[in-house]
Amino acid sequence: MTVSKSIVKSYLDLTRAHFAPIWPLFFISGLVLAFQNYGGFSWRTLILAGLIGLFGFETGMVWNDILDHKIDEKDVERDKLTRYWRPFGERPLPSGYINYRSALIFDGVLLVITIVLIALLPSPHRWYVYLFMPITYGLESFYNLKKRKEKFPWAQILGRMDFALFPVVGYLVHGHLDQTCLLYFLFFYPFALIHLGVNDLVDIKNDEARKVNTITTLYGIKGTLWWNAGFTVLHFVTAIIFLGELGSIARFGFAIGFGLLIIANLIMWSKKTPDSALKALPLVHATLFVYIISIYLDAAF
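Since the model is a prediction, treat every value here as computed from it, not as a measurement. (Residues numbered from 1 in each chain as written. Predicted model: local features only at pLDDT ≥ 70, side-chain atom pairs only at ≥ 80, totals over all residues. Heavy atoms only, no water.)

### A few points about the packing of aromatic side chains
- Across all of its chains, the model carries 32 aromatic pairs by this definition.
- Between F19 and Y84, the ring centres sit 5.7 Å apart and the planes meet at 45°, which makes this aromatic pair tilted. Linking F19 in the loop between helix 1 (2–14) and helix 2 (22–38) with Y84 in helix 4 (residues 81–85), this pair joins segments that are 65 residues apart in sequence.
- Stacked on the ring of Y143, the Lys or Arg R160 has its end atom at 4.0 Å from the ring centre. (Phe/Tyr/Trp six-rings, centres within 6.5 Å; stacked < 30°, edge-to-face > 60°. Helix = DSSP H or I, 4+ residues; strand = E, 2+ residues; numbered from the N terminus. Lys NZ or Arg CZ within 6 Å of the ring centre and 35° of its normal.)

Structural data, given as structure tokens:
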């Protein structure tokens, strides 16, 4: 019984299970906009998209751990970012709770489930999603591998497009490549880079031990703070443009999100430490949640 509980906890850590509900909600936010633009609301499509978003994102999460399983053995600090992202505070591959082969099999199962779910979408939408699958997973792989050897943050600038493309793929479950689709990407891409910068600042000691080139190991703490501040300003600009596609409820909700991001930046600047970034990180995630709910409410009312 103890072993079984330990295995369950390890897989919950591997998948960052306590964050799992947010990924389908985020994915469906794109779909909601597609329903608005093209009509034809369908509960079947909504549920199917939620499952694709869940299994598709979890496939990427596990793949991230597989790619990094060797360098993660060098982690020297487990009480900050690891504990925040994983419900039981362990990286199960380098800790030995899950072996490499089992993780590969598990990730393969998640990928097959995702592929089968996508096949249930009507044409041409299934082909849109299939097209973006290798692109997003390829960008994820590029990010993990390139950051081990770079002098300019190409891994971050290019690799984190995968996160920004996630709701775009959700849009394509029912919609087509159009202006809304493009503006959603442009709105969210700077946010993805803010999210990255905050995580990098929190995890600086581990990244120094791993000898990987993150924003913080490349440019230091102050450089990361300027990175976050700069992309926050850019995010506000692209968000205001994106709001032209949305209604008054979304505008109110986005204003709340802007406020949360400003507070997050102020918290980081106040102490200029990894601990201050850890305090700011929940506000960044709260901002994402506020954006998602705003899009939902705007569509509903």
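### Here we look at unusual backbone geometry
- Residue P124 is bonded to the preceding S123 through a cis peptide linkage, with omega at 10°.
- Residue position: P124 is located in the loop between helix 6 (100–119) and helix 7 (125–146).
- Positive phi, normally seen in glycine, also occurs at R16, with a value near 50°.
- With respect to the helices and strands, R16 occurs in the loop between helix 1 and helix 2.

### What about helix 7?
- Given a rise of 1.5 Å per residue, 22 residues ought to cover 32 Å, and the 31 Å separating the end C-alpha atoms of helix 7 matches this to within 8%.
- For helix 7, every residue scored as buried is listed here: H125, V129, F132, M133, T136, Y137, L139, E140, S141, Y143 and N144.
- Tucked into the core, helix 7 has its buried residues touching helix 3 (43–67), helix 6, helix 8 (154–159), helix 9 (161–172) and helix 10 (179–202). (Expected span 1.5 Å × (residues − 1). Buried < 20%, exposed > 50% of the residue type's maximum accessible area, 1.4 Å probe, protein only. Contact = heavy atoms within 4.5 Å.)

### Some details on the pattern of salt bridges
- Scanning the model with the defined rule gives 16 salt bridges in all.
- We note a salt bridge from D68 to K147, for which the minimum N-O separation is 3.8 Å. One end of the pair, D68, is in the loop between helix 3 and helix 4; the other, K147, is in the loop between helix 7 and helix 8, and 79 residues separate them in sequence.
- With a relative accessible area of 5%, D68 lands in the buried category.
- Across the pair R91 and D75 runs a salt bridge, and its minimum N-O distance is 2.7 Å. Of this pair, R91 sits in the loop between helix 4 and helix 5 (92–95) while D75 sits in the loop between helix 3 and helix 4, and the two are 16 residues apart along the sequence.
- When salt bridges that share partners are traced, they join D72, D75, R91, D203, D207 and R210 into one network. (Salt bridge = Lys/Arg side-chain N within 4 Å of Asp/Glu carboxyl O.)

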